[in-house]
Amino acid sequence: MKQRLLFAIHYLELGGAEMSLVGLLHALDYSRYDVDLFVYSHQGELMRFIPKEVRLLPEVPAYAYIERPMKDALLKGHLGVVCGRLKAKWQHHLRGKRLEARGKKLQDASIFQYVMNGVEPWLPSLEHLGEYDLAVSFLAPHNIVLRKVRAKKKICWIHTDYSRISVNAALELPVWGGYDHIVSISPDVTREFLGVFPTLAGRIAEIHNILPTAFVRGRAKEMSAEEVEEEMPREAGTINLLSVGRFTHAKNYDNVPVICKLTNYQLSILNSPFRARWYLIGYGGDEALIRQRIGEAGMQGQVIILGKKANPYPYIKACDVYVQPSRYEGNAVTVREAQMLGKSVVVTDYATAASQVKDGTDGVIVPMDNEGCARGIAAFIADKQKQQAIADHLATHDYSNVAEAEKLCKLL
């Protein structure tokens with residue numbers, strides 16, 4: 001008899017965690033499992049890539065408005081959700097004041113647990129779905145699967161480097177602690193998480209992000225080279241760098257104009273015949289800041305924002321070097337996708353970088369500061385022998401991690 005599994009996630013916008021869930025769903029053995037997927041708000045480009053074997057549950061209106069504009073939630077009659085969010089905003093503000101008094105800075109990411117705690121009492125139960133053998137909450141905060149779903153076993157996922165975000169540990173601990181297992185995506189993510197929640201060490205299980213190779217490579221072929229070149233032209237003497245991700249503080253795209261300028265300066269010192277042009281694919285709240293920094297650095301022709309792309313893979317396939325200039329990451333899915341497509345990868349030395357890239361073997365790790373990052377990128381562009389060695393390695397290695405799906409099965 002098949003076991004019943006439930007996966008829950010906020011939405012399926014383009015993002016590392018969302019892509020990882022799609023990869024995991026494609027890797028499951030559906031002869032063994034009946035799988036339901038509860039997406040709180042049915043939005044995002046990845047919705048259409050849900051495997052046909054998965055039963056997508058209907059949207060529940062109150063859940064769908066947890067993260068939509070409060071005005072829209074109020075107009076649709078979800079007064080409780082609005083009240084919960086206003087309460088969370090006030091509590092988060094007070095915490096910020098307390099931190100400021102101690103000389104610390106509050107980060108926006110820390111508000112999410114306040115929001116979920118605030119709206120949770122106003123959300124209807126999901127027990128009408130029946131009992132599951134396993135219920136999985138794939139993206140924090142994890143209140144909903146813990147408190148609204150009936151299951152024999154419950155697990156949740158960590159996707160974030162907890163050394164780089166300020167959280168109210170006392171507020172989050174009861175939620176994390178309510179799960180049978182907590183899945184971490186890498187040893188470094190585990191280490192940083194346990195630095196904040198040491199009492200949860202016995203519940204950690206590591207499952208690396210799963211990315212179906214055929215899916216990534218197949219989507220990379222959906223645009224012709226000519227179509228991509230209309231936006232990302234190939235020019236003699238120009239190296240096309242590319243970064244893909246949300247325009248947020250974590251991704252560090254606001255420093256890209258300066259890094260690109262310094263990279264070209266370093267290339268001139270090295271007497272390289274090449275100059276770098278850096279393309280950014282994504283969207284988010286930092287876009288205005290990035291555009292401002294482009295202007296300040298005088299890099300309008302060298303740092304190009306391509307915006308949000310439903311399918312970034314043809315662009316990754318077409319670039320010369322994929323760069324992940326992040327301040328911090330859990331485990332950057334786009335780095336794996338670039339490696340799958342045979343692209344040379346450069347990442348900054350964020351805390352979890354070494355768990356994903358073997359420096360000099362399947363990518364290059366460069367310093368975090370702008371000048372060090374630029375020197376590292378320029379040196380890599382000038383080192384054709386190292387580029388070829390990395391390309392040869394990528395061509396003979398599998399980065400899909402499909403076998404990781406069996407670890408989930410073992411948790412049952």
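Sequence order sets the numbering: in each chain, residues are counted from 1 along the sequence as written. Given that the model is predicted, a residue must reach a pLDDT of at least 70 before its local features are reported, and side-chain atom pairs must reach 80 or more before they are shown or counted; all residues, however, enter totals for whole chains, interfaces and linings. Just so you know, side-chain values use all the structure's heavy atoms and leave hydrogens and water out.

Colleague: How would you sum up the overall build of the protein? Please name residues and give values.
Modeller: In this text, helices come from DSSP runs of H or I with a minimum length of four residues, and strands from runs of E with a minimum of two, each type numbered from the N-terminal end. A count of helical and extended segments in the protein gives 17 helices and 13 strands. Radius of gyration means the value over C-alpha atoms here, while the globule rule gives 2.2 Å times the residue count to the 0.38 power. For the protein, the C-alpha radius of gyration of 22 Å lies close to 22 Å, the compact-globule estimate for 412 residues. Summarising its shape, the C-alpha atoms of the protein cover approximately 65 × 55 × 40 Å along the three principal directions. Here the protein holds 412 residues, and the buried ones make up 56% of them. For every residue, the accessible area obtained with a 1.4 Å probe (protein chains only) is divided by the maximum for its type, and the residue is called buried under 20%, exposed over 50%, and partly exposed between those limits.

Colleague: Tell me what's going on with a negative patch on the surface, and back it up with residues and numbers.
Modeller: Patch membership requires more than 30% relative accessible area and the absence of a salt bridge. Residues of like charge join within 9 Å; the nonpolar side chains Val, Leu, Ile, Met, Phe, Trp and Tyr join within 5 Å. The accessible surface values rely on the Shrake-Rupley method and a 1.4 Å probe; as for residues, cover is taken only from the protein chains in view. A carboxyl oxygen of Asp or Glu within 4 Å of a side-chain nitrogen of Lys or Arg is what we treat as a salt bridge. His is not counted here, nor are the chain ends, while Lys and Arg score as positive and Asp and Glu score as negative. One atom stands in for each charge, and that atom is NZ of Lys, CZ of Arg, CG of Asp or CD of Glu. Judged by side-chain charge, Glu 226, Glu 227, Glu 229 and Glu 230 come together as a negatively charged surface patch. Residue position: Glu 227 is located in helix α10 (residues 225-231). Classification of Glu 227 by relative accessible area gives partly exposed; the value is 38%.

Colleague: Report on empty space enclosed by the protein, specifying residues and quantitative values.
Modeller: With a 1 Å grid laid over protein atoms only, a set of points is called a cavity when a 1.4 Å probe fits there but cannot get out and a pocket when it is open yet has protein on both sides within 12 Å along at least five of seven lines; lining residues have an atom within 4 Å of a point. Grid points are joined across faces, edges and corners, and a volume is the space filled by probe spheres set on the points. As enumerated under the stated definition, the model contains one cavity of 30 Å³ or more in all. Estimates place the volume of the largest cavity at around 40 Å³. Along the walls of the largest cavity sit Ser 20, Leu 24, Phe 138, Trp 157, Ile 207, His 208, Asn 209 and Ile 210, which together make up its complete lining. For this classification, the nonpolar set comprises Ala, Val, Leu, Ile, Met, Phe, Trp, Tyr, Cys and Pro, the charged set comprises Asp, Glu, Lys and Arg, and every other residue, Gly included, is treated as polar. Each residue belonging to the lining of the largest cavity can be placed in one class, and the counts come to five nonpolar, three polar and no charged.

Colleague: Account for the pairing of strand β4 (residues 134-137), with residues named and values stated.
Modeller: Residue alternation in β4 divides its side chains into two sets, Leu 134 and Val 136 and Ala 135 and Ser 137, and both sets are buried. For two strands to be treated as a pair, DSSP must find no fewer than two bridges joining them. Pairing of strand β1 (residues 3-9) with β4 involves four bridges; the strand directions are parallel. Counted as the bridge partner of Leu 6 is Ala 135 from β4. With the strands pointing away from the viewer, any crossover whose connection runs clockwise from the first strand over the helix to the second is right-handed. A crossover links β4 with its parallel partner strand β5 (residues 154-158), the connecting element being helix α6 (residues 143-148), and its sense is right-handed.

Colleague: Describe the side chain of Thr 190, with residues and values.
Modeller: Here Thr 190 is to be found in helix α8 (residues 187-196). Setting aside residues no more than four positions away along its own chain, Thr 190 makes contact with Ser 184, Ile 204 and Glu 206. Contacts are residue-level and defined by heavy atoms, with any inter-residue pair within 4.5 Å sufficient.

Colleague: Report on the layout of surface pockets, specifying residues and quantitative values.
Modeller: For the second largest pocket, the calculated volume is near 290 Å³. For the second largest pocket, the lining is made up of 16 residues, of which Arg 336, Ser 355, Gln 356, Lys 358 and Tyr 399 are closest to its centre. Broken down by class, the residue content of the lining of the second largest pocket amounts to three nonpolar, nine polar and four charged.

Colleague: Just give me the short version of the nonpolar core, but keep the residues and values in it.
Modeller: Here, nonpolar core refers to any group of buried Ala, Val, Leu, Ile, Met, Phe, Trp, Tyr and Cys residues whose side-chain atoms link them within 4.5 Å. By size, the foremost hydrophobic cluster in this structure holds 136 residues, and its most contacted members are Phe 7, Leu 12, Trp 157, Trp 278 and Leu 408. Contact partners of Trp 157, with chain neighbours within four places excluded, come to Leu 24, Val 136, Ser 137, Phe 138, His 142, Trp 176, Val 183, Ile 185, Ile 207 and Leu 408.

Colleague: So, the pairing of strand β2 (residues 33-39): which residues are in play, and what are the values?
Modeller: Counted residue by residue, β2 has six buried out of seven residues, so it is predominantly covered. Bridge analysis of β1 against β2 gives seven bridges, and the strand direction is parallel. Bridge pairing in β2 places Ala 8 opposite Phe 38. Taken together, β1, helix α1 (residues 16-27) and β2 form a β-α-β motif whose crossover is right-handed.

Colleague: For the packing of helix α4 (residues 79-101) against helix α5 (residues 111-119), give the residues involved together with the corresponding values.
Modeller: Only the contacting stretch of a helix is used when fitting its axis, a line to C-alpha atoms as for every element, and angles between N-to-C directions run 0 to 180 degrees. Packing of α4 against α5 brings their axes to within 7 Å, and their N-to-C directions diverge by 145 degrees. Seen from above, α4 lies across α5 with right-handed handedness. For the pair formed by α4 and α5, the contact residues are Val 81, Gly 84, Arg 85, Ala 88, Lys 89, Gln 91, His 92 and Arg 95 on the first element and Ile 111, Tyr 114, Val 115, Gly 118 and Val 119 on the second. Of the residues belonging to the contact of α4 with α5, the class tally is six nonpolar, four polar and three charged. What makes a crossing left-handed is the near helix being turned counterclockwise from the far one by less than a right angle; a clockwise turn instead makes it right-handed.

Colleague: Mind laying out the packing of aromatic side chains, listing which residues take part and the relevant values?
Modeller: When the centres of two rings from Phe, Tyr and Trp lie within 6.5 Å, Trp using its six-membered ring, the rings pair. Their planes under 30 degrees apart give stacked, over 60 give edge-to-face, and anything left gives tilted. Taken as a whole, this structure holds 13 aromatic pairs when the rule is applied. For the pair Tyr 40 and Tyr 63, a centre-to-centre distance of 6.0 Å together with 45 degrees between the ring planes defines the contact as tilted. With Tyr 40 in the loop between β2 and β3 (55-56) and Tyr 63 in helix α2 (residues 61-64), this residue pair connects regions lying 23 residues apart in the sequence. Under the relative-accessibility criterion, Tyr 40 is labelled buried at 3%. Taking the centre distance of 5.7 Å and the plane angle of 80 degrees together, the rings of Phe 247 and Tyr 253 count as edge-to-face. Across the pair, Tyr 253 and Phe 247 agree in class, each one buried. Ring pairs connect the aromatic residues Tyr 162, Trp 176, Phe 193 and Phe 197, which therefore count as one cluster.

Colleague: Could you give me a rundown of the sheet that holds strand β13 (residues 364-366), with the residues and numbers involved?
Modeller: With parallel pairing, six strands are arranged side by side in an open sheet as β10-β9-β8-β11-β12-β13. The open sheet is flanked by β10 (303-307) and β13, the only strands paired with a single partner. Neighbouring strand axes in the sheet, compared pairwise and without regard to direction, differ in orientation by 25 degrees on average. Sheet topology places strand β11 (residues 321-324) next to strand β12 (residues 344-348); four bridges connect them, and they run parallel. If you follow Val 321 over to β12, its bridge partner there is Ser 344. Contacts from helix α11 (residues 256-269) reach β9 (275-281) and β10, with the element oriented near 160 degrees to β9.

Colleague: Talk me through the environment of Glu 231; I want residue IDs and the actual numbers.
Modeller: By the secondary structure assignment, Glu 231 is in helix α10. A relative accessible area of 29% places Glu 231 in the partly exposed class. Separated by 75 residues in the primary sequence, Glu 231 and Leu 306 place their C-alpha atoms 7.5 Å from one another. Setting aside residues up to four positions removed in sequence, Glu 231 forms contacts with Tyr 279, Leu 306, Lys 309 and Tyr 315. A distance of 2.6 Å separates the side chain of Glu 231 from the side chain of Lys 309, its partner in a polar contact. Counting of polar contacts relies on pairs of N or O atoms within 3.5 Å, with two restrictions inside protein: one atom must be capable of donating a hydrogen and the other of accepting it, and residues adjacent in sequence are counted only when both atoms are side-chain atoms.

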